[in-house]
Amino acid sequence: MARLSNELERYFFEEERPSKVTLADILLLAKERVFGFLLVILSLPSALPVPAPGYSTPFGILIFLLAIQLIVGAKTLWLPKRMMNHPIQLTTVQGFLKPGIPWLKRIEAIARPRLSYICTTLPGRVTIGIAIALMAISMMIPIPGTNTLPAMGIFVTGFGLLEDDGAISLGGLVMCVLGGVLTISILFALIWGGSSLLDVIKTWLGR
């Protein structure tokens, strides 16, 4: 099976495309690896330090729907037709893929099937689904700092799922935990008037 980075380069940069593409068009590249593929593609804009305004919330919703399907053990993908057929500017997709593909190639260089049960068994996929659902919710929060690290966790976890590489997915799950801690800390800072979660914990322990 061709590497994802090669498929994306061919599809978006080497072949002629109309000025707008849809998620349904992109899914033609996925074949049987649809869940991991979509998690990687949808999290990429928010995981990279490139401007992609307006995509964190709609892509977060799509990722949340994917996560729920992982949790319930779905074998085939379902997404609303309106989302599948929503047009996206080709230049926008190329804009976040250009810096993203080199990162994909770096991960692909070390990826291989190992600890595959984490990615293929129901308990493993349920665990991955729960972590990704929580990170998708974080992506949807319109507050600076709650998008990037959770999206990176989804990206790495999804890539492990794509390659049946449980070791990479475990690394992604660790990033999801860190992303969750960061998001909760930011929310605490807003609620408690500038105090971070760490400050609140220190105060509580001091009592």
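The protein chain carries the name Exopolysaccharide biosynthesis protein in an unreviewed UniProt entry, which gives Nostoc flagelliforme FACHB-838 as its organism.

Engineer: How would you sum up unusual backbone geometry? Please name residues and give values.
Structural biologist: Not every positive phi belongs to a glycine, and L115 is a case in point at roughly 45 degrees. Mapped onto the secondary structure, L115 falls in the loop between α6 (90-110) and α7 (117-120). A relative accessible area of 38% means that L115 is categorised as partly exposed. Positive phi, normally seen in glycine, also occurs at D164, with a value near 55 degrees. Positionally, D164 belongs in the loop between α9 (148-163) and α10 (166-191).

Engineer: Which residues make up the layout of surface pockets, and what values go with them?
Structural biologist: Within this model, the second largest pocket holds a volume of roughly 260 Å³. In terms of lining residues, the second largest pocket is bounded by eleven residues, among which P58, F59, L62, M83 and H86 are the most central. Counting residues per element, the ones that place at least two in the lining of the second largest pocket are α4 (56-71) and α5 (81-84). Here the element with the most residues in the lining of the second largest pocket is α4; it accounts for four residues. In terms of residue class, the lining of the second largest pocket is built from eight nonpolar, two polar and one charged.

Calculation notes
Residues numbered from 1 in each chain as written. Predicted model: local features only at pLDDT ≥ 70, side-chain atom pairs only at ≥ 80, totals over all residues. Heavy atoms only, no water. Helix = DSSP H or I, 4+ residues; strand = E, 2+ residues; numbered from the N terminus. Buried < 20%, exposed > 50% of the residue type's maximum accessible area, 1.4 Å probe, protein only. 1 Å grid on protein atoms, 1.4 Å probe; cavity = no way out; pocket = protein on both sides within 12 Å on 5 of 7 lines; lining within 4 Å. Points joined across faces, edges and corners; volume = space filled by probe spheres on them. Nonpolar A, V, L, I, M, F, W, Y, C, P; charged D, E, K, R; others polar.

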